[in-house]
Number of protein chains: 2
Amino acid sequence: MARVAGVSQATVSLVLGEKWRGRVSERTVRAVRAAAGELGYRPNLAARSLRLGATRTALLVVPALTHEYFARVYAGAAKVADEHGFGVVLYPSPAGIGPARDPFGSARAAIDGVIASSMAADALAGIGDGGLPLVMLDSDPDIPGGPPTVNLAVADGMRQVTRHLLDLGHRRIAHIAADVDTWTFRVRTEAVTAELAAAGVPAAARQTSALNVAAARDAAVRALSAPGPRPTALLCDDDILAAGACKAARALGLRVPDDVSVSGFDDLALATALDPELTTVRLPAESIGEHGMSALLALLAGRPAPPVELPLTLLPRASTASRT
Amino acid sequence: MARVAGVSQATVSLVLGEKWRGRVSERTVRAVRAAAGELGYRPNLAARSLRLGATRTALLVVPALTHEYFARVYAGAAKVADEHGFGVVLYPSPAGIGPARDPFGSARAAIDGVIASSMAADALAGIGDGGLPLVMLDSDPDIPGGPPTVNLAVADGMRQVTRHLLDLGHRRIAHIAADVDTWTFRVRTEAVTAELAAAGVPAAARQTSALNVAAARDAAVRALSAPGPRPTALLCDDDILAAGACKAARALGLRVPDDVSVSGFDDLALATALDPELTTVRLPAESIGEHGMSALLALLAGRPAPPVELPLTLLPRASTASRT
DNA sequence: CTGTTAGCGCGTTCAA
DNA sequence: TTGAACGCGCTAACAG
C-alpha cells in the first residue's frame with residue numbers, strides 16, 4: 001500500500017486511474033506518482049478484476065499454433081489489444097494436437113471475450129461460450145444473427161489464382177484440396193469449380209489431402225498419374241500442399257514450372273523458401289487479427305461490430321508458367 | 001452464489017476444491033454438485049487468485065512466435081501446465097516484431113512465474129523479473145547461482161552434423177551462421193570450429209546472415225563465390241538458412257547434393273518440404289517446453305530444479321552426399 | 001460434520 | 001480536496 005507514500009489511499013486510486021480532473025491537487029498527484037515510482041508499485045490485477053468484474057483479457061482460439069498464419073493473426077490481435085490495455089491469451093483448440101479440452105482450464109485466465117479463428121462452427125460449441133462476447137475470424141458468414149465476423153475474401157482469392165492459370169493457357173487443372181471441413185476450405189473448392197465452369201473449362205480433377213507435405217505429395221502423385229491426359233497445373237489450397245505438389249512433380253521427373261505449374265495459397269515463409277518460389281495468394285493475417293480484436297472491443301463497449309471482408313492479393317512467382 | 005443450492009457456502013468451496021475427505025457428508029456433496037451443474041456455476045478466478053495470492057499461470061517469453069520451434073515449445077509447456085491446473089500465457093518479446101514492451105501490460109494476466117526461451121540474458125532484464133521465479137530454456141548455463149536451466153545439447157548436435165559432413169569426405173566446409181547474439185547460436189559456431197580443428201581440417205569460411213531465407217541466400221552466394229576453391233558443403237545454423245543456401249546453390253547452377261551438400265538445424269516442417277529434403281538435427285522442442293514447465297512447477301513448490309540437458313539427433317537426408 | 005467469520009487489494013461512494 | 005468504510009467472490013481458520 002502506497003499510503004505510506006505521503007497522503008492517502010483512495011487518492012492513489014484516483015491518480016493512477018487518471019480520474020483526478022478537479023479532485024486532487026497537482027502537488028498531491030506528483031507526490032503519489034513519485035512514491036509509486038520509488039516503491040515499484042504494481043496494482044494487483046486479481047483484485048482489480050474482482051472489483052471491476054472485467055479482466056481486460058481476450059481469448060484467441062486457433063486450430064493449430066504451428067501454422068504460421070495463426071501466429072500472425074495473434075500478433076495482429078495482440079497489437080491492437082495492447083493499444084487498449086488488453087491482453088490476449090492463446091488457446092490452441094483440441095481439434096489440433098492441442099493439449100487441453102477446456103479453455104477455462106488451460107488458458108485459465110479469466111476472459112472478457114473470445115475470438116475464434118478458422119474454426120468449424122461445431123468445434124466452437126465445445127468452447128465455454130456461455131454468453132461470452134464472441135467474434136469469428138475467417139468463418140462462415142451465413143449465420144444470420146450470429147456473432148460478428150471478420151472474413152477474408154477467400155473466394156475472390158481463389159478465383160484470382162484460377163484465372164491466373166487460365167490466362168497462362170492451362171486447361172487441364174487439378175485441384176489439390178485440403179480435407180479439412182471448415183468454411184475457409186469449402187469456399188476454396190466452390191470458387192475453383194465456379195470459375196472453371198464460367199470459363200467453359202472442364203471441371204478440375206480433385207484430390208484431397210491432409211494439411212502436411214507428405215500427404216500432399218501423395219495426393220499430387222495421384223493427380224499427376226491418373227488415367228487420361230496429365231494435368232498441366234496443380235492448384236493447391238495451401239502453400240504446404242503446394243510444397244508437396246512440387247515434390248511429387250519432381251519425383252515423377254517433371255519440372256516446375258516447365259512441365260507442370262503449381263500454385264499455393266497463404267504466402268507463408270515457405271512460399272519463398274522453395275525453389276522455384278511459389279505463386280500464391282497473400283493473406284493479410286495480421287490485419288485480420290487486428291480487425292478481430294477491434295470488433296471484440298466494439299462488442300465489449302456495446303457498440304455494433306459490422307462484418308468486415310479483407311481483400312487478398314495474387315502474388316505471381318516462378319512456380320507457374322505458360323503452358324508450352 | 002450456490003448457497004441457494006441447498007446448504008451453505010464454505011461447504012461449496014470444500015466440495016469443488018475436492019477437500020472434503022472427512023468433512024462433508026456424501027449427500028451434501030451430491031446436492032452441491034447437482035446445484036453447481038444446474039446453475040452452470042463457474043468459480044471466479046479473480047477472487048480465487050486474490051485470496052490465494054497465486055494465479056496458477058506461467059508466462060512463456062519467446063523471441064518470435066512465427067518460428068515453428070517456439071510454437072512447439074509452447075505446446076509442450078501448455079501440456080504439463082494443464083496437467084497441474086496451470087495455464088500458460090505467451091509473451092512474444094519486443095526483440096522480435098513483438099507488439100508491447102511490458103509483459104504486464106501485454107499479457108496482462110497476473111503471473112506466478114516466467115519461462116524464458118532462447119533469450120539473450122540482457123533482453124531478459126527488461127522483463128519484470130521482480131523476484132518472480134524464472135526458468136531459462138536453451139540459454140547460457142554458465143551463470144552460477146542463476147536460474148534453473150533446461151538446455152539442448154546444441155554443441156553436440158552441431159558436432160554431429162560437422163562429423164557427418166567430414167565422414168562424407170568434405171574438407172572445404174562453409175558455415176552459414178545466424179547473426180543473432182544468443183547463447184544457442186554462439187555455441188553452434190564454437191562447436192563447428194572446435195570439431196573442424198579436432199579433425200585437422202581448415203577452419204570453415206563463415207558468412208553470417210539474418211534469420212530469413214532471402215538473407216541466407218545472399219550469404220550462401222557469398223560463400224560459394226568467394227575467391228579460392230569452392231566449398232563442397234554448406235553447414236547452416238538453422239533450416240531456414242539452409243533453405244536459402246539451397247536456393248543460392250541452384251542460382252549458381254550447382255546441384256544439391258551433387259555439387260554441394262547443405263545441412264540445416266531444427267528439423268522444421270520446412271526441412272521435409274524442400275526438395276531434396278534437408279539433412280538436419282531434430283530438436284526436442286515439445287520436450288524442452290515440458291521440462292521447462294516442470295522446473296518452474298518445482299520452483300514454485302520450493303523444490304530444487306536440477307539443470308537438464310536434452311540430447312539431439314542427427315537426421316541424415318537427401319541434401320548431403322559424399323564428395324564426388 | 002457444518003455454519004460463521006475475516007480479510008485478500010482494489011475502486012467507489014459518502015461524509016468530513 | 002481527502003480520509004474512512006464497504007463489498008467484489010473466494011478460502012482458511014475457527015466456532016458451533
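Residues numbered from 1 in each chain as written. Chains lettered and ligands numbered in written order. Predicted model: local features only at pLDDT ≥ 70, side-chain atom pairs only at ≥ 80, totals over all residues. Heavy atoms only, no water.

Looking up chain A in an unreviewed UniProt entry gives the name LacI-family transcriptional regulator, with the organism given as Actinacidiphila cocklensis.

Undergrad: Could you clarify how one ought to interpret unusual backbone geometry in this entry?
TA: Note: most residues except glycine have negative phi, and most peptide bonds are trans. Residue P257(A) is bonded to the preceding V256(A) through a cis peptide linkage, with omega at 5 degrees. Relative to the assigned elements, P257(A) resides in the loop between α8 (239-251) and β9 (261-263). With omega at 5 degrees, the peptide bond leading from D275(A) into P276(A) counts as cis. For P276(A), the location among the structural elements is in the loop between α9 (269-273) and β10 (280-282). At S118(A), a residue that is not glycine, the phi angle is positive and equals roughly 50 degrees. Along the polypeptide, S118(A) turns up in the loop between β3 (113-117) and β4 (134-137). Residue classification places S118(A) among the buried residues on the basis of a relative accessible area of 8%. Although it is not a glycine, D138(B) adopts a positive phi angle of roughly 55 degrees. Following the sequence through the fold, D138(B) ends up in the loop between β4 (134-137) and β5 (149-152). Residue D138(B) is classed as buried on the basis of its relative accessible area of 4%. (Helix = DSSP H or I, 4+ residues; strand = E, 2+ residues; numbered from the N terminus. Buried < 20%, exposed > 50% of the residue type's maximum accessible area, 1.4 Å probe, protein only.)

Undergrad: Looking at this structure, how should I read the sheet that holds strand β1 (residues 57-62) of chain A?
TA: The pairing of strands in a sheet comes from backbone hydrogen bonds and takes either a parallel or an antiparallel form. All names here are of chain A. Read across the sheet, 6 strands follow the order β2-β1-β3-β4-β5-β11 without closing on themselves; strand pairing throughout is parallel. Unpaired on one side and paired on the other, β2 (87-92) and β11 (308-310) mark the two borders of the sheet. In this sheet, neighbouring strand axes are inclined to one another by 20 degrees on average, regardless of whether the strands run parallel or antiparallel. Here 3 bridges tie strand β5 (residues 149-152) to β11, and the two strands are oriented parallel to one another. Bridging across to β11, N151 finds its partner in E309. (Pairing = 2+ DSSP bridges. Axes fitted to C-alpha atoms, helices over the stretch in contact; angles between N-to-C directions.)

Undergrad: Help me out: how do you make sense of the relation of the copies chain A and chain B in this one?
TA: The operation relating the two chain copies consists of a rotation about an axis and a shift along that axis. In the superposition of chain A on chain B (RMSD 0.2 Å, axial shift 0.0 Å), the rotation amounts to 179 degrees. Both chain copies can therefore be described as sitting about a two-fold axis. Within chain A, A46(A) has its C-alpha nearest the rotation axis, a separation of 2.4 Å. (Least-squares fit on C-alpha atoms with pLDDT ≥ 70 in both.)

Undergrad: Which parts of the structure should I look at to understand the pattern of salt bridges?
TA: Pairing of side chains with opposite charge becomes possible as their charged atoms draw close. All names here are of chain A. Summed over all chains, the structure comprises 24 salt bridges over all chains. Put simply, E18 and R33 hold a salt bridge, and the shortest N to O gap is 3.2 Å. Highlighted residues: E18 in the loop between α1 (10-16) and α2 (26-39) and R33 in helix α2, separated in sequence by 15 residues. When its relative accessible area of 38% is taken as the criterion, R33 is described as partly exposed. (Salt bridge = Lys/Arg side-chain N within 4 Å of Asp/Glu carboxyl O.)

Undergrad: Would you mind showing me how to read the pairing of strand β8 (residues 233-236) of chain A here?
TA: Within a regular strand, side chains alternate between the sheet's two faces. All names here are of chain A. On β8, burial covers both faces: A233 and L235 on one face and L234 and C236 on the other are all buried. The pairing of β8 with β9 spans 3 bridges and is classified as parallel. Along β9, the bridge assignment pairs A233 with S261. For the handedness criterion, the β-α-β arrangement of β8, α8 and β9 is classed as right-handed. (Right-handed = clockwise from strand over helix to strand, strands pointing away.)

Undergrad: Help me understand a nonpolar patch on the surface, please; the structure alone is not making it clear to me.
TA: Residue and element names in this part refer to chain A. Judged by side-chain polarity, L16, L39 and Y41 come together as a nonpolar surface patch covering roughly 270 Å² of accessible area. Structurally, L16 can be placed in helix α1. Here L16 falls in the partly exposed class, since its relative accessible area comes to 41%. (Patch = residues over 30% accessible without salt bridge, like charges linked within 9 Å, V, L, I, M, F, W, Y side chains within 5 Å. Areas by Shrake-Rupley, 256 points an atom, 1.4 Å probe, with all protein chains shown as cover.)

Undergrad: Can you walk me through the interface of chain A and chain B in this structure?
TA: Put simply, an interface is often sized by how much accessible area is lost when its parts join up. At the junction of the two partners, chain A supplies 45 residues and chain B supplies 47 residues. Interface area for chain A against chain B, summed over the two sides, is near 3,500 Å², with a carbon-plus-sulfur share of 64%. The interface formed by chain A and chain B contains 4 salt bridges. Of the charged contacts in the structure, one is a salt bridge between K247(B) and E277(A), with a shortest N-O distance of 2.4 Å. Taken together, the links from chain A to chain B amount to 8 residue pairs in polar contact (both at pLDDT 80 or more). Of all the secondary-structure elements, those providing two or more residues to the side of chain A that touches chain B are α3 (45-52), α4 (68-83), β2, α8 and α9 of chain A. No other element matches α4(A), which puts 7 residues into the side of chain A that touches chain B. Looking at side-chain class alone, the side of chain A that touches chain B contains 24 nonpolar, 10 polar and 11 charged residues. (Contact = heavy atoms within 4.5 Å. Buried area = accessible area lost by both parts, 1.4 Å probe. Polar contact = N/O pair within 3.5 Å; in protein donor to acceptor, adjacent residues only side chain to side chain. Nonpolar A, V, L, I, M, F, W, Y, C, P; charged D, E, K, R; others polar.)

Undergrad: I keep staring at the pairing of β4(A) and nothing clicks. Help me out?
TA: Residues and elements named next belong to chain A. Of the two faces of β4, both are covered, the one formed by L134 and M136 as well as the one formed by V135 and L137. Bridge count for β3 against β4 is 4 bridges, and the pairing is parallel. Bridge pairing in β4 places A116 opposite M136. Relative to β5, β4 is paired through 2 bridges, and the arrangement is parallel. In the strand pairing of β5, L137 is matched with V150.

Undergrad: What is the right way to look at the confidence of the model for chain A in this model?
TA: Low pLDDT means the predicted coordinates in that region are not meant to be read closely. Looking at chain A as a whole, its pLDDT mean stands at 88, while 90% of the residues score no less than 70. In the predicted structure, residues 96-101 of chain A sits below a pLDDT of 50 and forms 12 contacts with residues beyond four places in sequence or in another chain. (pLDDT = per-residue confidence, 0-100.)

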